[in-house]
Structures are given as C-alpha cells and as structure tokens.
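Chain by chain, the residues run as shown.
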Amino acid sequence: MAEMHQIRLQIGPAAFRIASAWRQPLDQLAALYRDYPGPSDHMVDFTVRLEPDKPWRRYIRPSVHIGGDFWLPDAAPLPLAQGLLAAEMGMNLQMALGWRRHLLLHASSVEKDGRALIMTGLSGSGKSTLSAMLAQKGWRFMGDEFALLDLDTGDIAPFPRLISLKNQAIRAMQTVAPADRFGPEMTDTPKGDIRHLVPPKAAIDRMGEPARPALLLFPRFGHDPELRDMGQAEIFVRLTQASTNYVALGEAGFRALTRFVDQVPTRAMDYQSIEQAEELIERLWSRSP
Amino acid sequence: MIRDAHILVRALREPASVERLDGGQWSELISIARAESLIGSLAHRLADVPVPDRMRAVLQDAIGAHDLARQQALWEADCARRALAGYPGKIVLMKGTAYVAADLAAGVGRSIGDLDIMVARDALPIVESALLDAGWEWVKPDPYDDRYYRDHMHELPPLIHRDRDRMIDVHHTILPLTAGPRPDAQAILDSAIALGNGLYVMAPADMLLHSIAHLFADGDLAGGLRNLWDINLLLRHFSEADEEFWTELDVRAKTHGLGREKERALRLAARLYDTPVYRFSAGQTEFADYLYIRRLLARDGYGRETRKLIRFAFYVRSHWLRMPPLMLARHLWTKWRKGGKPVG
C-alpha cells in the first residue's frame, strides 16, 4: 500500500497523529500549528487518516475521505483544496467519539483571572466568533469547539485548536487579528466559507492550565439584546444535547453535568452585534462571584 | 511503519512484549487494536505490565467504554427477556452477550454490537410478533431481502428498537441454510444451559463451535482476529474446567458437520495466540492456513486494511460458502439490478 505522510500534534490534553496520502494538508497544518509543542515520545491518543475516496481520487479531482481510529460510516469526502478542514474535522471526530477523560461540551471557552466563561449554542449562535473576539481583548482563549469538563474537579481544560471562522466572521476577525495568523481561505465548504485563525500565543503556551467555570452563556445572534434566566432543567437538557459523550460516560457524565448545572451561573444572551455582546458579557462578568 | 497486525497479536499473547515498544509503535498498536475491535481486550490484557502514562490513559478509556458496552448489552438482553416473557421455549444468548452474561473471560473488554439470540425455528412467528409488539421494527423493509432472509438465512431480517436504537438478530440455527454444513439446531437448544434469570447460553462445545462456524464457515474473516481471540479464550477456559472437553468438542463438531472448521480454528489459535490445543483434534497443517493468517493480519500501522487481493478472495469465498453457484448468480443479479452492494 502507498506510504502516507504524517504529522503529530498536541492540543490541550490530547495528542493526534494525522496521516495523509497528500503532503499539502500536512504542510498547512505544520505551518498553522508551528507554535504548538509536539507530543512527547511520539505517543498519540488518536490517529486521523486522510485518504483518497477511491484509489484514482489520489490524482484525478483528488477527494479526501476522513477516516481514523474513530469514524462515521456516512462522512462525505471533501476536495483536496479543503484538506486542512478535513484534518480538523477528523480531529474533532476522534474527540467526539473517543475521548472519555472529560465530559465534552460543544462550546467555546475563554478565561480571565483563573475563571472560565463558557458559551454554547447551535451552529450560527456566534460562540466561536465571540471567543475569538474576546481573545483579542484581554481574555485567554481556551477553545472554540469543545469545552472539556473535568469529571473529578469540575474545572474546564483548554482545547485551543485553530479557531474555525465562518463566512462574515472572517472579515470581522481580519480587522483585529494579525494577518500572519490566518490559514488559507476555503470557499464553498459544506459549512460555507471557512478560514482558520491561530489562537494567540498565550492561549497556546498555557494550554495545560485549566480554569474554574464561572459563567455559562447561551448566545443567540440576531435578536434584540437581552439577558434571560433559564431553568435548571432546561440548562441540563440543552447541555446533554450539546455534549458528544454524555451518554458514553454513563454515571460519571451525569454526576459531572449535574454538579456543573448546580454551580455555574447561566444566562441566555440575545445580541445583534459583537459590541453589544461584549457589553453584556462585561456587565455580567463584573457582577459574577 | 508496521506492515501487518502481528504487533497486536504479540501484545495479546505476551503482554510483556509491549515494554520494548517505542512511542511510534505504541500509536500504531493502538490504531490496529481499535480497527480490529480488540482495544478493550488489549487494555485488560495489559493491566499488569508497565505502560507509559499516555498509553495507560488510552487503555483506561477503552476499559471504561467497554464497561458501559457490557452494561448496555446485559440491559438489552433483559429487555428482550421481558418482551418474550410469554414465550415458553428457551431463549439462548449468543456471541458477546452470552460471554458477558455467563461471565466468561472472552466477555472481558469485548466490544458488543447487536443482541443475538437463538430460538426454535417453529417459534419464530411468536417471537417475531412479540418483539414487534414491544417496540422493535424492521431495518430492511425490502421485499426481496425479507424473503431472502426467511427462505435462506439462519436468522430473521434484523430488527431495531425504535426508542433504544439497538438491533436484535433472532437466529434459529448457527449457519445460513444455504451453507454446506447443517448444524443440529435442536441439539444446541436441548443442551443449552440456564443462566438463572430465565435466559440461556449454549453448552461449552456448542458455544465454541458457533464462534468457529461464524469465523470459518460464514463471512469474509472481517473482524477475524477478534473472533479468533474469543476462540482462544473459550478453548483455554473450557479445556481447563473439564478434561473431557476435547472429546466433547470432537463429538459435537461431528454432530454439526464442523469438523474441518474446528481443526482449522484450533491450528490458527495455537499458531497466533499460543492456545494449548489437543494435537489430535487439530488435524494436519494445510497450505490454506497460511492464506488465512495472511488475511487475518492484513492491517497496517495506520489502521488501514491491506492486502486487497487476498481480502477480496475471502470476500468471494464467503459468498461461495453461503450459496450454490446458480443461486449466487441469481442473488447477485437481483442485487445488482437494485443498485445495491452485492451482500447477502
């Protein structure tokens, strides 16, 4: 069988091996993850494989099938030009299906003074953009995809992968983040236009440092600015839906999540612009214990 | 780069062998073990040898995942038991669920997908309607497939539970009706052993022969290393527990027409997993044994399937075993016209 190229990456507590039939996605990964330390001793938790969908798809209209230790039977292949996205999706998939050392919440998180703000919501809620924006304004970026809730301590562990900016968020971030921290622009992906942004250096240097969860927000973009209380039952159910491994963790997941809901102040937040959201967040944060 | 799955076989057979692995080899071992559904078994097997911290955490994750799988499998079996409470005949658990329900070493860390049960063939209509009443539904509502299962297979078309999303395969024997060997289903039911909760498992020799039939007389050896690991553990356990076991196994293999398959299973288990087998039960080494081993180990250090040609040969063989040529041609023709993959 044809040899594959490979690269190893350490992101927060997890280490990955990305093997690819083509060099290009790995060269892009190597450039964007240049500030990240590699995993010690070459040991990894997961392997992601990027392979031709059919043998001839290595050369002719190359298309990338996302595989690896954990995989989904019906994952659609991506064109090679989106190989970087395929690698990122492959890493997400390994975490979502295979990681059991934390409860995974589909959420972004940022930290200040040792305390974490967690933002969760459906795709399009703006949680990723908000975390990237706050990271430019004195907050430490901890992750825009998964917040890792420690099953024993209740802390949030950072998982600061590349920030995945979509559509309008790309322009918004280009006005505030340095140009040399952006990846290639990928147009017409299944999720629209995507461009990756390397998190600030501090986020990478401190990716081993957990933080105490202090505030949980359910942002919703496109509505008049408002903060609302939510009932614990609703919060709990929505978090079970936002978790990829809640069921797989059994009782340990239930205990961690009920404690989280009991202890962390939570609001639903509607907003129409980043500035509005920042203002609402600062107001809540200054009052939070 | 590791070119075949030997590293996994060696780690299972001889846990101390992992002490010599470097970081890259560890990652390859883990990928191969995950691809072969043996990561849980490996994790338990390596419990007492020194393992680097990161790899210990990976193995611990596998143990946790399989503990849950075990709990879910037993729960699913109990759901079936309750659904079939009105059925007076024996309900025999099969494969992984049987191993965990009977608390056998083969069940420790084993991945379990569907629930497999066996009942008497003439009871299928009652069992089927009881399951449908209790919330199971057809997975394949295709009339050709449905007919095919009912006329030629050893099981009903698969059912899936509408709330729990778990499949059940209801068998009435252990091999497709179109296969060469005709196992004695009634004998299996007659000697099945009660578990104490109303469910049954097969008697030792039958349980082993079912695993052997599944691996060597049916299917294309996908997941073969895992199945052979089951066979290895069952052989070790049953032969230690009962010195008459080898005789019983030979007698039962004749009853079910699985003599050659049994011999091959014993040879390959001894060869790959060092299983202590009774030499006169294992027959003579054949050239084909070499092909089986090539196929079983066809996995590289990235976790990729390798040796496409030999894989394909075993795939073709699996259909050949299942049905006579004319029937195979008709089946493939029908499947091809439907635009589906030619699977039975």
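Residues numbered from 1 in each chain as written. Chains lettered and ligands numbered in written order. Predicted model: local features only at pLDDT ≥ 70, side-chain atom pairs only at ≥ 80, totals over all residues. Heavy atoms only, no water.

On to the overall build of chain A, then. In terms of helices and strands, chain A carries eight helices and 16 strands. Taken over C-alpha atoms, the radius of gyration comes to 19 Å for chain A, in line with the 19 Å a tight globule of 289 residues would show. Expressed as lengths along the three principal axes of its C-alpha atoms, the size of chain A is roughly 60 × 45 × 35 Å. Residue burial in chain A is summarised as follows: out of 289 residues, 57% are buried. Excluding contacts between residues fewer than 6 apart, the proportion of contacts in chain A whose partners are at least 24 apart in sequence is 69%. Carbon together with sulfur atoms contributes 53% to the accessible area of chain A, which is approximately 12,000 Å² in total. For chain A, the separation between the mean place of its 33 positive charges and that of its 34 negative charges on side chains is 2 Å. (Helix = DSSP H or I, 4+ residues; strand = E, 2+ residues; numbered from the N terminus. Rg over C-alpha atoms; globule rule 2.2 N^0.38 Å. Buried < 20%, exposed > 50% of the residue type's maximum accessible area, 1.4 Å probe, protein only. Contact = heavy atoms within 4.5 Å. Areas by Shrake-Rupley, 256 points an atom, 1.4 Å probe, with all protein chains shown as cover. Lys, Arg positive; Asp, Glu negative; His and termini not counted. Charge placed at Lys NZ, Arg CZ, Asp CG, Glu CD.)

A separate point is the pattern of salt bridges. Here the idea is simple: oppositely charged side chains can pair when their charged atoms come close. Residues and elements named next belong to chain A. According to the stated counting rule, one finds 46 salt bridges over all chains in the structure shown. With a shortest N-O distance of 2.5 Å, Asp155 and Arg212 are connected by a salt bridge. With Asp155 in the loop between strand S9 (146-150) and strand S10 (156-157) and Arg212 in strand S14 (residues 212-221), the pair connects residues that are 57 residues apart, well separated along the chain. Assessed through its relative accessible area of 38%, Arg212 is described here as partly exposed. The shortest N-O distance in the salt bridge between Asp205 and Lys201 comes to 3.2 Å. Of the two residues, Asp205 and Lys201 both sit in helix H5 (residues 201-205), four residues apart, roughly one turn of that helix. (Salt bridge = Lys/Arg side-chain N within 4 Å of Asp/Glu carboxyl O.)

The phi dihedral of Asn167(A) falls on the positive side, at around 45 degrees, and the residue is not glycine. Relative to the helices and strands, Asn167(A) resides in the loop between strand S11 (163-166) and helix H4 (168-174). The class of Asn167(A) is partly exposed, set by a relative accessible area of 35%. In this model, Ser37(B) sits at a positive phi of 55 degrees, which is unusual for a non-glycine residue.

Here the focus is the sheet that holds strand S3 (residues 136-138) of chain B. Each strand in a sheet pairs with another by means of backbone hydrogen bonds, the pair being arranged parallel or else antiparallel. All names here are of chain B. Spatially, S3-S4-S5-S2-S1-S7-S6 is the arrangement adopted by the seven strands of the open sheet, whose pairing is mixed. Each edge of the sheet is formed by a strand with only one pairing partner; in this case those strands are S3 and strand S6 (193-194). Across two bridges, S6 lies against strand S7 (residues 200-201) in antiparallel orientation. For Ile193, the partnering residue across the bridge sits in S7 and is Val201. Where helix H4 (residues 53-83) meets the sheet, its contacts fall on strand S1 (92-93), strand S2 (115-118), S3 and strand S5 (167-171), and the angle it forms with S3 comes to roughly 90 degrees. (Pairing = 2+ DSSP bridges. Axes fitted to C-alpha atoms, helices over the stretch in contact; angles between N-to-C directions.)

A cluster of nonpolar residues, Trp56(A), Tyr59(A) and Ile60(A), forms a patch on the protein surface that exposes about 410 Å² of accessible area. Along the chain, Ile60(A) turns up in the loop between strand S3 (46-52) and strand S4 (63-68). (Patch = residues over 30% accessible without salt bridge, like charges linked within 9 Å, V, L, I, M, F, W, Y side chains within 5 Å.)

So, on to the nonpolar core. In a soluble, globular protein the nonpolar side chains are often hidden away together inside. With 101 residues, the main nonpolar core has Leu225(B) and Leu228(B) as its most contacted residues. Leaving out residues up to four positions away in the same chain, Leu225(B) has contacts with Ala5(B), Leu8(B), Val9(B), Glu36(B), Leu38(B), Leu272(B), Tyr273(B), Leu296(B) and Leu297(B). (Core = buried A, V, L, I, M, F, W, Y, C linked by side-chain atoms within 4.5 Å.)

We now examine the domain arrangement of chain A. All names here are of chain A. As assigned here, chain A comprises domain 1 (5-98) and domain 2 (102-287). Computed over C-alpha atoms only, the centres of domain 1 and domain 2 are separated by 24 Å. Interface area, domain 1 with domain 2, both sides summed: about 2,200 Å², of which 68% is carbon and sulfur. Broken down residue by residue, the surface that domain 1 buries against domain 2 is led by Leu32, Asp35 and Tyr36, which jointly contribute 24%. Where domain 1 touches domain 2, the interface holds two salt bridges. For Arg181, the salt bridge is made with Asp35, and the minimal N-O distance between the two is 3.3 Å. At the junction of domain 1 with domain 2, the criterion picks out nine residue pairs in polar contact (both at pLDDT 80 or more). For the side of domain 1 that touches domain 2, the secondary-structure elements that each account for two or more residues are strand S1 (5-11), strand S2 (14-20), helix H1 (24-32) and helix H2 (83-98). (Domains from an automatic or database assignment. Buried area = accessible area lost by both parts, 1.4 Å probe. Polar contact = N/O pair within 3.5 Å; in protein donor to acceptor, adjacent residues only side chain to side chain.)

Let us now look at the side chain of Arg311(B). All names here are of chain B. Mapped onto the secondary structure, Arg311 falls in helix H14 (residues 308-322). Judged by relative accessible area, which is 11%, Arg311 ranks as buried. The residues contacting Arg311, other than those within four sequence positions of it, are Arg295, Ala298, Arg299, Glu305 and Thr306.

Now for helix H15 (residues 325-337) of chain B. The α-helix advances 3.6 residues per turn, and as a result positions three or four apart in sequence lie on the same side. Residues and elements named next belong to chain B. Given a rise of 1.5 Å per residue, 13 residues ought to cover 18 Å, and the 18 Å separating the end C-alpha atoms of H15 matches this to within 8%. For H15, every residue scored as buried is listed here: Met327, Leu328, His331, Thr334 and Lys335. For H15, the arc enclosing every buried residue in end-on projection is 130 degrees, short of the 170-degree limit, so these residues lie on one face. With respect to the buried face of H15, the exposed residues turned more than 90 degrees away are Leu326, Arg330, Trp336 and Arg337. Structurally, H15 contributes buried residues whose contacts are with helix H7 (143-152) and H14. (Expected span 1.5 Å × (residues − 1). Arc of directions from axis to C-beta.)

This next bit is on the packing of aromatic side chains. Residue and element names in this part refer to chain A. Throughout the structure, instances matching the rule amount to 19 aromatic pairs over all chains. Measuring from ring centre to ring centre gives 6.1 Å for Phe236 and Tyr246, while their planes differ by 85 degrees; the resulting arrangement is edge-to-face. Remark: Tyr246 occurs in the loop between helix H6 (232-242) and helix H7 (251-263) and Phe236 occurs in helix H6; sequence separation between them is 10 residues. Accessibility expressed as a relative area gives 17% for Tyr246, which makes it buried. Through a chain of ring-to-ring contacts, three or more aromatic side chains come together here, namely Phe16, Phe46, Phe70, Trp99, Phe146 and Phe159. (Phe/Tyr/Trp six-rings, centres within 6.5 Å; stacked < 30°, edge-to-face > 60°.)

A word on the sheet that holds S11(A). Residue and element names in this part refer to chain A. If you trace the three strands from one edge of the open sheet to the other, you get S11-S13-S12, paired in antiparallel fashion. The outermost strands of the open sheet, each flanked by one partner alone, are S11 and strand S12 (186-189). Between one strand and the next, the sheet's axes are offset by a mean angle of 35 degrees, whatever the strand orientation.

Between chain B and chain A, the residue contacts involve 24 residues of the former and 29 residues of the latter. For the pair chain B and chain A, the two sides together bury roughly 2,200 Å², of which 48% comes from carbon and sulfur. The partner of Arg3(B) in a salt bridge is Glu3(A), and the shortest N-O contact between them spans 2.9 Å. On the surface where chain B and chain A come into contact, there are 18 residue pairs in polar contact (both at pLDDT 80 or more). Put simply, the parts of the chain that give the side of chain B that touches chain A at least two residues each are helix H2 (23-35) and H4 of chain B. Here the residues of the side of chain B that touches chain A are counted per class, giving nine nonpolar, eight polar and seven charged. (Nonpolar A, V, L, I, M, F, W, Y, C, P; charged D, E, K, R; others polar.)

Residues and elements named next belong to chain B. At their nearest, the axes of helix H9 (residues 204-216) and helix H10 (residues 224-241) sit 10 Å apart, and the two run at 160 degrees to each other. The orientation of H9 relative to H10 falls into the category roughly antiparallel. For the pair H9 and H10, the sense of crossing is left-handed. Two secondary-structure elements touch here, H9 through Pro204, Met207, Leu208, Ser211, Ile212, His214, Leu215 and Phe216 and H10 through Gly224, Asn227, Leu228, Asp230, Ile231, Leu234, Leu235 and Phe238. (Parallel < 35°, antiparallel > 145°, perpendicular 65-115°, else oblique. Left-handed = near helix turned anticlockwise from the far one by under 90°.)

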